[in-house]
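Each chain is listed here by its residues.
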Amino acid sequence: VSTVTGAASGRAAGAGAGHAGTGERSADLPDAVHLGARVQRCSAAGSASRSGRGRAAGCAAAGHHQSAMNAYRQRGFTLIEVLITLTILGILASALMPLMELDARRGREEELRHALREIRGAIDAYKHAADTGQIAKAADASGYPPSLEVLVEGVPALNSPTSARVYFLRRLPRDPLAPNTLAPAATWGKRSYASPPEPPAAGDDVFDVYSLAEGDGINGIAYRRW
């Protein structure tokens, strides 16, 4: 009987111990669940932290790039950039200089044509006035003006009761190719009526004028023969 009782007591004690072990494992389960949840929260927090640090690093890099660009703009041009710019400008200027000189020469030649046309027209008008009796003409004279200055100073009109003067030029044009130190009349070569075409020579009157400038024009004709 004692043996059976001891065995039963041992089985009961073993069963109690087994239930106790099961209870302990059941009691430990919530702690494991809580631990996993905490691990997930920590992982999420770490990911968020790393993402935040990434965004912060990206913003910092963008800000640094913007600051560098602003510093570059404020710094201005470098020495090499300035030298390259000056070189390009020098090349353009050297290419434009011949064109500018040609344009200026063409302008002076156009002034020369206009001046010759104006003076020759005044000489012909003087000749016409002398031949038609509007102004005095000597019997042995050609009827051309004795000088270029007379075209500006004028001559008395024969048919005017008030002794009015007849003028043929408002002012005497100068040769645009001649030095500026000369008087307008001295800038022109003069050919008299008695002079042959070549070589032209001055005389008692002025039959024609020509330029004293050396060289040829753009058209290839010597200025003296214009």
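Residues numbered from 1 in each chain as written. Predicted model: local features only at pLDDT ≥ 70, side-chain atom pairs only at ≥ 80, totals over all residues. Heavy atoms only, no water.

1. Digging into the overall build of the chain
Okay, step 1: Each helix and strand counted, the chain has three helices and four strands in total.
Okay, step 2: Listing every helix and strand of the chain by position from the N terminus yields α-α-α-β-β-β-β.
Okay, step 3: With 226 residues in all, the chain has 20% of them scored as buried.
Okay, step 4: Excluding contacts between residues fewer than 6 apart, the proportion of contacts in the chain whose partners are at least 24 apart in sequence is 46%.
Okay, step 5: If you sum the accessible surface of the chain, you get close to 15600 Å²; carbon and sulfur atoms cover 62% of it. (Helix = DSSP H or I, 4+ residues; strand = E, 2+ residues; numbered from the N terminus. Buried < 20%, exposed > 50% of the residue type's maximum accessible area, 1.4 Å probe, protein only. Contact = heavy atoms within 4.5 Å. Areas by Shrake-Rupley, 256 points an atom, 1.4 Å probe, with all protein chains shown as cover.)

2. Examining the nonpolar core
Okay, step 1: Formed by 25 residues in total, the largest nonpolar core has its most connected members in Ile123, Leu148, Leu151, Phe168, Trp188 and Val209.
Okay, step 2: At the level of elements, helix H2 (79-131) and helix H3 (149-153) are the ones that each hand at least two residues to this core.
Okay, step 3: Ranked by residues supplied to this core, first place goes to H2 with nine residues.
Okay, step 4: Those residues in contact with Val209, other than ones at most four positions away along the chain, are Leu116, Ile119, Arg120, Ile123, Leu148, Trp188 and Gly189. (Core = buried A, V, L, I, M, F, W, Y, C linked by side-chain atoms within 4.5 Å.)

3. What to know about the confidence of the model for the chain
Do not read the predicted coordinates in detail wherever pLDDT is low.
Okay, step 1: Confidence in the prediction of the chain, expressed as mean pLDDT, is 77, and 66% of residues score 70 or more.
Okay, step 2: A low-confidence stretch, residues 42-52 (pLDDT under 50), is modelled with zero contacts involving residues beyond four sequence positions or located in other chains. (pLDDT = per-residue confidence, 0-100.)

4. Things to note about the packing of aromatic side chains
Okay, step 1: Counted by the stated rule, this structure contains five aromatic pairs.
Okay, step 2: Between Tyr144 and Phe207, the ring centres sit 5.0 Å apart and the planes meet at 85°, which makes this aromatic pair edge-to-face. Within this pair, whereas Tyr144 is found in the loop between H2 and H3, its partner Phe207 is found in the loop between strand E3 (188-191) and strand E4 (208-211), the two being separated by 63 residues in sequence.
Okay, step 3: Residue Phe207 is classed as partly exposed on the basis of its relative accessible area of 27%.
Okay, step 4: Each member of the aromatic cluster is reached from another via a ring pair, and the members are Tyr144, Tyr193 and Phe207. (Phe/Tyr/Trp six-rings, centres within 6.5 Å; stacked < 30°, edge-to-face > 60°.)

5. Looking at the layout of surface pockets
Okay, step 1: Looking at the largest pocket, its volume works out to about 210 Å³.
Okay, step 2: In this structure, the largest pocket is lined by Arg120, Arg191, Pro197, Glu198, Pro200, Asp208, Val209, Tyr210, Arg224, Arg225 and Trp226.
Okay, step 3: Grouping the constituent residues of the lining of the largest pocket by class yields five nonpolar, no polar and six charged.
Okay, step 4: Volume-wise, the second largest pocket comes out at about 170 Å³.
Okay, step 5: Grouping the constituent residues of the lining of the second largest pocket by class yields six nonpolar, two polar and four charged. (1 Å grid on protein atoms, 1.4 Å probe; cavity = no way out; pocket = protein on both sides within 12 Å on 5 of 7 lines; lining within 4 Å. Points joined across faces, edges and corners; volume = space filled by probe spheres on them. Nonpolar A, V, L, I, M, F, W, Y, C, P; charged D, E, K, R; others polar.)

6. Quick look at unusual backbone geometry
Okay, step 1: In this structure, the amide linkage connecting Glu198 to the following residue, Pro199, adopts the cis form with an omega of -10°.
Okay, step 2: Of note, Pro199 is situated in the loop between E3 and E4.

7. A word on the pattern of salt bridges
Okay, step 1: Considering all chains together, one arrives at six salt bridges under this definition.
Okay, step 2: Put simply, Glu109 and Arg105 hold a salt bridge, and the shortest N to O gap is 3.5 Å. Of this pair, Glu109 and Arg105 are both found in helix H2, four residues apart, which corresponds to roughly one turn of the helix.
Okay, step 3: A relative accessible area of 2% places Glu109 in the buried class. (Salt bridge = Lys/Arg side-chain N within 4 Å of Asp/Glu carboxyl O.)

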